[in-house]
Amino acid sequence: MFKRFFQRLRQIGAVAVYNFRQWHKNPRIIITFLLAFILCFLLSDKAVNFAKEHDTIMQIVEPFVWTFGDSNSILLSSMLLILLFADMPFLSAGTPFYLMRIDRKTWVLGQGLYIISATAIYLTFILAATSLVCMTNAFPANMWSKTAAILGYSGEGEAVALPALVKTLEMSKPYPCMATIFLLMLLYTLVMVFLMLFFNIWKGQVAGVISVFAFSVSGFLLNPENLKNLFRLPDELAYKARVWVGWASPLNQATYHMHNFGYDRLPRLWQTYLIFGGLLLILMVLSLWAIRRYSFHFRGTEN
């Protein structure tokens, strides 16, 4: 029993490793990471320029915290994953040989392991890129900088569209805050990609792309500020709308400051983790179900 279990684990790992081998000199992979670096530079440039204008230094992970504490930045960065995973369910010249030795469910589980690993690598690259942007004007100590204090307590962060909220400064330190935002982004992007994997297997690649765009657009539309401005809601209704979309929208669930830190009805972090974990489990089960009827089409050794 244990022998078969560990054998299956090795097979799952082998499928994931084979997919990573396809990264070698792959123009699509190179372009994805180049675009991610450019995106990080453009998004974090506001925070870096703000520090320069006020002649202050930053904590090295603050550009990541201020940039990806915003739902729009999370949305933009996640959209690049469509390019990274455009060839799901990753059919290649080696796929027929794997399917001769392992069953379909093991093969899909290998794809899932690859998706999780590749997404984590992608987000780690984003974290490193945002830190690199401010490296010449930053310090590594686990404490908020004077730049953060100005952004949070003076209200100037709102003026330059940076989500430097006071509760972010008061409830955490830079590295724990960065780790929480990283985990929220990871869970959100995994839900998006596993949704794409399911629809790719079930209905084809066009349906997978459409599902991701629908998922992303719904997150953009279910934004508290957008709803407030669109329907001209008074403050009381605006607060209720904010709480509602905080629970209903995965994108808002992935946004750090859209959580309950002790004085509102927004979801707590652990509740968000459970929601995302449940969605990932459901999508993985649906993908395992859909692969049973999936038709593999190969032309010689090519898919």
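For the structure itself, consult the block above.
Note that the structure is a prediction, hence the values are computed from the model and not measured. Each chain has its residues counted from 1, following the order in which its sequence is written. Per-residue local features of the predicted model are confined to residues with pLDDT of at least 70, and side-chain atom pairs are confined, for both listing and counting, to 80 or more; whole-chain, interface and lining totals are unaffected and use all residues. Side-chain metrics rest on all non-hydrogen atoms present in the structure, leaving aside hydrogens and water.

Engineer: What's the story with helix H1 (residues 2-21) in this structure? I'm lost.
Structural biologist: The α-helix advances 3.6 residues per turn, and as a result positions three or four apart in sequence lie on the same side. The end-to-end C-alpha separation of H1 is 29 Å, in line with the 28 Å expected for 20 residues at 1.5 Å each. For H1, the full list of buried residues reads Ile 12, Val 15, Ala 16, Tyr 18 and Asn 19. Taken down its axis, H1 places every buried residue within 160° of arc, on the same side. Those residues of H1 that are exposed and angled more than 90 degrees off the buried face are Phe 2, Lys 3, Arg 10 and Arg 21. Under the scheme used here, helices are H or I runs from DSSP no shorter than 4 residues and strands are E runs no shorter than 2 residues, and both carry numbers assigned from the N terminus. In this analysis, the expected span of each helix is defined as 1.5 Å times one less than the number of residues it contains. Exposed residues in this analysis have more than 50% of their type's maximum accessible area, buried residues have under 20%, and partly exposed residues fall in between, with area computed by a 1.4 Å probe over protein chains only. In this description, the arc belongs to the directions extending from the helix axis to the C-beta atoms.

Engineer: Before we go on, may I ask you to explain the packing of aromatic side chains in this structure?
Structural biologist: To describe a pair of aromatic rings, one takes the distance between the centres and the angle between the planes. Pairs were defined over the aromatic rings of Phe, Tyr and Trp, the Trp ring being its six-membered one, requiring ring centres within 6.5 Å. Orientation was assigned from the angle between planes: stacked under 30 degrees, edge-to-face over 60, tilted for the rest. Tallied over the full model, the rule gives 13 aromatic pairs. Measuring from ring centre to ring centre gives 6.1 Å for Phe 33 and Tyr 122, while their planes differ by 65°; the resulting arrangement is edge-to-face. One end of the pair, Phe 33, is in helix H2 (residues 27-53); the other, Tyr 122, is in helix H7 (residues 104-133), with 89 residues separating them in the sequence. With respect to burial, Phe 33 and Tyr 122 carry one shared label: buried. Ring centres of Phe 198 and Trp 202 lie 5.3 Å apart, and the angle between their planes is 20°; on these two criteria the pair is classed as stacked. Of this pair, Phe 198 and Trp 202 both sit in helix H11 (residues 174-203), four residues apart, which is roughly one turn of that helix. An aromatic cluster is defined as three or more aromatic residues linked by ring pairs; in this entry it consists of Phe 20, Trp 23, Phe 33, Phe 85, Tyr 114, Tyr 122 and Phe 125. We count a charge as sitting over a ring when the NZ of a lysine or the CZ of an arginine lies within 6 Å of the ring centre and within 35 degrees of the ring normal. Against the face of Trp 202 rests Lys 203, its NZ or CZ located 4.8 Å from the ring centre.

Engineer: For this particular structure, what's the right way to read helix H16 (residues 269-290)?
Structural biologist: Given a rise of 1.5 Å per residue, 22 residues ought to cover 32 Å, and the 31 Å separating the end C-alpha atoms of H16 matches this to within 8%. Among the residues of H16, Thr 272, Phe 276, Leu 280, Leu 283, Met 284, Ser 287, Leu 288 and Ala 290 are the ones counted as buried. Within H16, the buried residues cover an arc of 160° as seen down the axis, which keeps them to one side. Exposed residues pointing more than 90 degrees away from the buried face of H16 are listed as Trp 270, Leu 274 and Leu 281. Residue contacts follow a heavy-atom distance rule, with two residues in contact if any of their heavy atoms lie within 4.5 Å. Against the buried residues of H16 lie H7, H11 and helix H15 (250-253).

In short, shape yes, function no, at least from these values alone.
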